[in-house]
Amino acid sequence: MVSQVLLDDPVLALEHARAARARASRVGVVRETAGIAAYNAGEWQEAATELRAARRITGNPSLLPLIADCERGLGRPERAVEIARGDEGRALKGEDATEMRIVEAGARIDLGEPDKAIVTLQMENLKPGQVGTGPARLFYAYASALQAAGRREDAITWYMNAAAADVDDVTDAEFRLTELAHDDEQSAAESSADTGRGDVDEAAATGIPGPEDPATTTSPSAESETVPVQSKTSDVPAPAPVVPDAGAPEPNAPEPNAPEPSAPESSVPESSAPETKAADAGAADTPETRSVAPEQGDERSQATDPEPADPEPADPEPADPEPAEPEAAEPEAAEPEAADESIAPLEGTADLSATSSYVEQDATDLIESADDLVAPPADAEPEKSATVPAAPARRNTFADRYDALLLDLDGTVFAGHQAIPNAKETLEGLDTARFFVTNNASRRPSEVAAHLRDLGFEASAEMVVTSAQTGARLLAEHLPAGSRALVVGTDGLAQEVREAGIAVTRSADDGPAAVIQGHSPDTGWAQLSEAALAIRAGALWVATNVDATLPSERGLLVGNGSMVAALRNATGKEPLVAGKPAAPLMADAIARAGGSAPLVVGDRLDTDIEGGHSVGIESVLVLTGVSTVTDLLAAPPEQRPTYVVDDLAGLFEDVDAVRVAPQPGWSVTVDGSTVTVAGDGDEIGLVPALASATWKAIDNGTADPEELRIRAEGEARAKLASLGVAVVD
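Here, residues in each chain are numbered from 1, in the same order as that chain's written sequence. Local features in this predicted model are restricted to residues whose pLDDT is 70 or higher, and side-chain atom pairs enter the listing and the counts only when it is 80 or higher, whereas totals over whole chains, interfaces and linings include all residues. Hydrogen atoms and water are omitted, and side-chain values are computed over all heavy atoms in the structure.

Trainee: How would you summarise the overall build of the chain if you had to cite specific residues and measurements?
Mentor: In DSSP terms, a helix is any run of H or I states spanning at least four residues, a strand is any run of E spanning at least two, and both are numbered starting from the N terminus. A tally of helices and strands in the chain yields 38 helices and 19 strands. Counting every position in the chain, which comprises 729 residues, the buried fraction comes to 53%. Of the contacts made within the chain by residues no fewer than 6 positions apart, 68% connect residues no fewer than 24 positions apart. Carbon and sulfur atoms make up 50% of the accessible area of the chain, which amounts to about 30200 Å² in all. Buried means the residue's accessible area, taken with a 1.4 Å probe over protein chains only, is under 20% of the maximum for its type, while exposed means over 50%, and partly exposed covers the values in between. Contacts are assigned to residue pairs that have any heavy atoms within 4.5 Å of one another. Areas reported as accessible are Shrake-Rupley estimates using a 1.4 Å probe. Residue values count occlusion only from the protein chains shown.

Here it is as structure tokens:
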């Protein structure tokens, strides 16, 4: 009965559940049903109590995310984080682990830690192109975290991914996109006059986001395993907005909450009813920030009235561009044009560099010389044209846009025992935090760092993240402490496994619980045969990476992936992969970096670039290793980089000049599978422009990636030929 009315009338469903509980309070499914009903009715305390009781009786781990979410509903996000980070929370697997991370991300946002929310969700599979309820809710939660962190453009991208994945309409991602577009128009109109108020608007926008609305996928049927699907997703969002109305103060008053969900539920598909409830609650009561810290939220709310008045007197002081206006206004009749010109470039400059740490400084420098720009109009114009264009070049560098570089090693930084040209000089000249992320599991971090130092690079063990470390972590997560694993690889890999609390063996006769396989030049038939015996006997199989080849100064050598293929063929099994392009290694690297805007830099489309896609971060392809321009042009969507550069020296270039997009001075036309490029633009923009047009044609179905032919003349032909592209006449 409860499951039948849960969506249409959660309060009535709760009454039925309470009646059932009164008759059978020792039956696990009854307590679970009561907890889910209370959860959907917004009775967080009752829901937490019932779900905990059900978990004690049934041991159902799927209830833990809901319990953590109830803590959010009660205004205790720190408790939700404790549950998620506790031993039981960390022990969750599969969909339950995903749900817990979504809840934890929502709690992080509640606590004002959106960057940590982003990192938490990056441990999940964020590969675009997936469809279904699970990916839709995950993408939506990630978009919400990005929005809360102020990364508006990235948030829009992930709301779009959520909308594309949401075939069952369990989220309101499309509405969020519309809302963001509207907010952008508003903020653009208000920002110059009232930045304070803009901040409040943005806070309101980010509070309701992601996890909130698509909150509940919804209603589990009261019985049994529907719990995981249930309102698990109500997780992150739902509770937050409702807390002020139905939180701790009145935990036993479901009636006031009933009207809120009832109206929207009737207008949406069944599966998204609870979620709409969350959305309504959020819309009525601003965002999560308010539910977490009511006092802070109130202050913001109260400040919105007086704030508009403050900026007016403050305009001349804080907003550097503004002082120029009054000064330009004084000689109204004499020089109106000069005054206008002095302001316009400044506004454009600020708009172009929203993510720049230099914007404020550059604008200040320009404004400080406003008298010189305005006074003698004849002199002012040339100075402005010389100064203003230079600013965007600095503002759009990679160092300004990203706070951590996740650098591949083989083929990107070095090839065997030789540094890649320009690599050392580039990394010496960058202040951006860098971490070396390698799929090669043959050496320990200290050994990798020593090798880098021998080649002239600055490096420490703390700056190195290896697939061996991640592989050992995966073993520790899947096996009880003290278990034994058979190691196929170097002694360095074996030591990483020991340090993770797992015993090491080299023989299948010892009955290992797992096999971990990493690159070693000494791996041969005997070692692979031991692994095959163990895997066939039921051992868990973890591969540190699946790179088919290994770059060296002599060329491409056999990589660990080729050895993995031999075992796959011999056992018919598939390994759990730690390294790129799988998410685990990238997630470890992001966590180590601790930044909010990391960038992947690598030479392989199928590992480095796809690895960036797997955790939802942008990437740069360097043409110094395995992947070629020809590979790039035919790359599937999940292997397409954001930027393309010849080598690491390209990190000093303007990001937009090397972004895969149409580039000034280059014309690219596609006729069938023949791609023709012409022009005399900047050389660094040639390959990005060529890739952009080619991908568009492939995606539209007018070009076959297997039959591409490239035509070019003049400078374009010479450049492409130098990169190994076969240019036809």
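Trainee: Just give me the short version of the sheet that holds strand β16 (residues 666-671), but keep the residues and values in it.
Mentor: Spatial strand order, β16-β17-β18-β19: 4 strands in an open sheet with mixed pairing. Looking at the sheet topology across the chains shown, the edges are occupied by β16 and β19 (727-728). Each axis is a line fitted through C-alpha atoms, and for a helix only the stretch in contact is used; angles between axes span 0 to 180 degrees, taken between their N-to-C directions. Relative to β16, helix α37 (residues 686-699) is tilted by about 30°, and along the sheet it contacts β16, β17 (674-679) and β18 (709-712). Against the sheet, helix α38 (residues 714-722) touches β16, β17, β18 and β19, its axis set at about 135° to β18. Strand pairing is assigned whenever DSSP identifies at least 2 bridges connecting the two strands.

Trainee: I'd like to hear about the side chain of E104, residue by residue, with values.
Mentor: Within the secondary structure, E104 is located in helix α8 (residues 94-110). Overall, E104 belongs to the buried group, its relative accessible area being 3%. In this view, E104 contacts A84, R85 and T120; residues no more than four positions away in its chain are not counted.

Trainee: Can you explain the sheet that holds strand β8 (residues 514-517)? Please cite residues and give values.
Mentor: Spatially, 5 strands are ordered β7-β6-β8-β9-β12 in an open sheet, and the strand pairing comes out parallel. On the outer flanks of this sheet lie β7 (503-505) and β12 (576-577), each paired with one strand and no other. Against the sheet, helix α31 (residues 491-499) touches β6 (484-488), β7 and β8, its axis set at about 160° to β6. Packing against the sheet, helix α33 (residues 560-571) makes contact with β8 and β9 (540-543), and its axis sits at approximately 160° to β9.

Trainee: Describe helix α30 (residues 467-478), listing the residues and the values that go with them.
Mentor: The end-to-end C-alpha distance of α30 is 16 Å, a good match for the 16 Å that 12 residues give at a rise of 1.5 Å each. Buried within α30 we find S467, A468, T470, G471, A472, L474 and L475. Expected helix span is computed as 1.5 Å times (number of residues minus one).

Trainee: Report on the pattern of salt bridges, specifying residues and quantitative values.
Mentor: Whenever Lys or Arg places a side-chain nitrogen within 4 Å of a carboxyl oxygen from Asp or Glu, that contact is recorded as a salt bridge. Within this structure, the stated rule accounts for 35 salt bridges. A salt bridge links R137 to E99, with the nearest nitrogen and oxygen atoms 1.8 Å apart. Of this pair, R137 sits in helix α10 (residues 133-148) while E99 sits in helix α8; the two residues are 38 residues apart in sequence, bridging distant segments of the chain. For R137, a relative accessible area of 6% gives the class buried. Assessed through its relative accessible area of 5%, E99 is described here as buried. E113 is paired through a salt bridge with R108; the nearest N and O atoms lie 3.0 Å apart. For R108, a relative accessible area of 13% puts it in the buried group. Connected through salt bridges with shared partners, the residues R18, R21, R31, E46 and E50 form a single ionic network.

Trainee: Give a description of the packing of aromatic side chains that names residues and reports values.
Mentor: Stacked, tilted and edge-to-face are the three classes applied to pairs of Phe, Tyr and Trp rings, where Trp contributes its six-membered ring and a pair requires centres within 6.5 Å; stacked means planes under 30 degrees apart, edge-to-face means over 60, and tilted covers the rest. Throughout the structure, instances matching the rule amount to 7 aromatic pairs. Residues F139 and W158 carry aromatic rings whose centres are separated by 5.2 Å and whose planes lie at 70° to one another, so their mutual orientation is edge-to-face. Here F139, found in helix α10, pairs with W158, found in helix α11 (residues 152-165); they are 19 residues apart in sequence, far enough to count as distant. We classify W158 as buried; its relative accessible area is 7%. Ring geometry for Y140 against Y159: centres 5.3 Å apart, planes inclined by 70°, an arrangement best described as edge-to-face. Of this pair, Y140 sits in helix α10 while Y159 sits in helix α11, and the two are 19 residues apart along the sequence. Side by side, Y140 and Y159 carry an identical accessibility label, which is buried. Among the aromatic residues, those joined into a ring-pair cluster are F139, Y142 and W158.

Trainee: Would you mind going over the nonpolar core in detail, with residue names and values included?
Mentor: Only buried residues count toward a nonpolar core, which is a set of Ala, Val, Leu, Ile, Met, Phe, Trp, Tyr and Cys residues joined through side-chain atoms within 4.5 Å. Residues L121, Y142, W158, L406 and I617 are the most contacted members of the largest nonpolar core, which totals 40 residues. Of all the elements in the fold, those that place two or more residues in this core are α8, α9 (114-121), α10, α11, α12 (173-190), β1 (404-407), β4 (433-438) and α34 (583-593). Excluding residues within four positions of it along the chain, Y142 makes contact with I118, L121, Q122, L126, W158, V615, G616 and I617.

Trainee: An account of the packing of α8 against α10 is requested, with residue identities and associated values reported.
Mentor: Close contact between α8 and α10 brings their axes to 10 Å; oriented N to C, the two are set at 20°. Comparing their axes, α10 and α8 come out roughly parallel. The crossing of α8 and α10 is left-handed. Taken together, the residues of α10 that come into contact with α8 (itself represented by T98, E99, I102 and I109) are R137, L138, A141, S144, A145 and A148. Each residue is assigned to one of three groups, with Ala, Val, Leu, Ile, Met, Phe, Trp, Tyr, Cys and Pro labelled nonpolar, Asp, Glu, Lys and Arg labelled charged, and all others, Gly among them, labelled polar. A breakdown of the residues in the contact of α8 with α10 according to their chemical character gives 6 nonpolar, 2 polar and 2 charged. Roughly parallel refers to an angle under 35 degrees, roughly antiparallel to one over 145, roughly perpendicular to one between 65 and 115, and oblique to any angle outside these ranges. A crossing counts as left-handed when the near helix is turned anticlockwise from the far one by less than a right angle, and as right-handed when that turn is clockwise.

Trainee: Now, about the side chain of E124: what can you tell me, with residues and values included?
Mentor: Summarising the element assignment, E124 is placed in the loop between α9 and α10. Judged by its relative accessible area of 9%, E124 is buried. At 2.5 Å, the side chain of E124 forms a polar contact with the side chain of T98. Apart from residues lying up to four places away in sequence, E124 is in contact with A97, T98, R101, L138, A583 and S614. Whenever two N or O atoms come within 3.5 Å, that pair is a polar contact, provided that in protein one can donate a hydrogen and the other can accept it, and provided that, for residues adjacent in sequence, both atoms are side-chain atoms.

Trainee: Tell me what's going on with unusual backbone geometry, and back it up with residues and numbers.
Mentor: Cis geometry is adopted by the peptide bond preceding P581, which originates at K580 and carries an omega value of 10°. One can find P581 in the loop between β12 and α34. Even without being a glycine, D169 presents a positive backbone phi close to 55°. Residue placement: D169 occurs in the loop between α11 and α12. If you check the backbone angles, N422 has positive phi at about 75° while not being a glycine. One can find N422 in the loop between β3 (418-419) and α28 (423-429).

Trainee: Tell me about the environment of V727, residues and numbers included.
Mentor: By secondary structure assignment, the location of V727 is in strand β19. Judged by its relative accessible area of 17%, V727 falls in the buried class. The sequence separation of V727 and R717 amounts to 10 residues, and the corresponding C-alpha distance is 7.0 Å.

Trainee: Which residues make up helix α2 (residues 10-23), and what values do they have?
Mentor: The terminal C-alpha atoms of α2 lie 20 Å apart, and with 14 residues this matches the ideal 20 Å at 1.5 Å per residue to within 8%. Where α2 is concerned, the buried positions are P10, V11, A13, L14 and A17. Projected down its long axis, α2 carries its buried residues within an arc of 150°, all on one side. In α2, those exposed residues whose orientation departs by more than 90 degrees from the buried face are A22 and R23. An arc is given here, and it is the one of the directions from the helix axis to the C-beta atoms.

Trainee: Lay out the pairing of strand β13 (residues 598-602) in plain terms, naming residues and giving numbers.
Mentor: Within β13, 5 of the 5 residues are buried, leaving the element largely enclosed by the surrounding structure. When β1 meets β13, the two strands line up parallel, connected through 4 bridges. Note that in β13 the partner of L406 across the bridge is V600. Place the viewer so that the strands point away; then a crossover is right-handed whenever the path from the first strand over the helix to the second strand goes clockwise. In this view, the connection linking β13 to its parallel neighbour strand β14 (residues 619-622) by way of helix α35 (residues 605-614) has right-handed handedness.

Trainee: Quick one: what's the story with the packing of helix α4 (residues 44-58) against helix α5 (residues 64-73), residue by residue and with numbers?
Mentor: Two numbers describe how α4 lies on α5: the axes approach to 9 Å, and their chain directions differ by 160°. Here α4 is positioned roughly antiparallel relative to α5, judged by the angle of their axes. Considering only the axes of α4 and α5, their crossing is left-handed. Contact with α4, carried on its side by W44, A47, A48, L51, R52 and R55, involves L64, L66, I67, C70, E71 and G73 of α5 and no other residues of that element. When grouped by side-chain class, the residues that make up the contact of α4 with α5 number 8 nonpolar, 1 polar and 3 charged.

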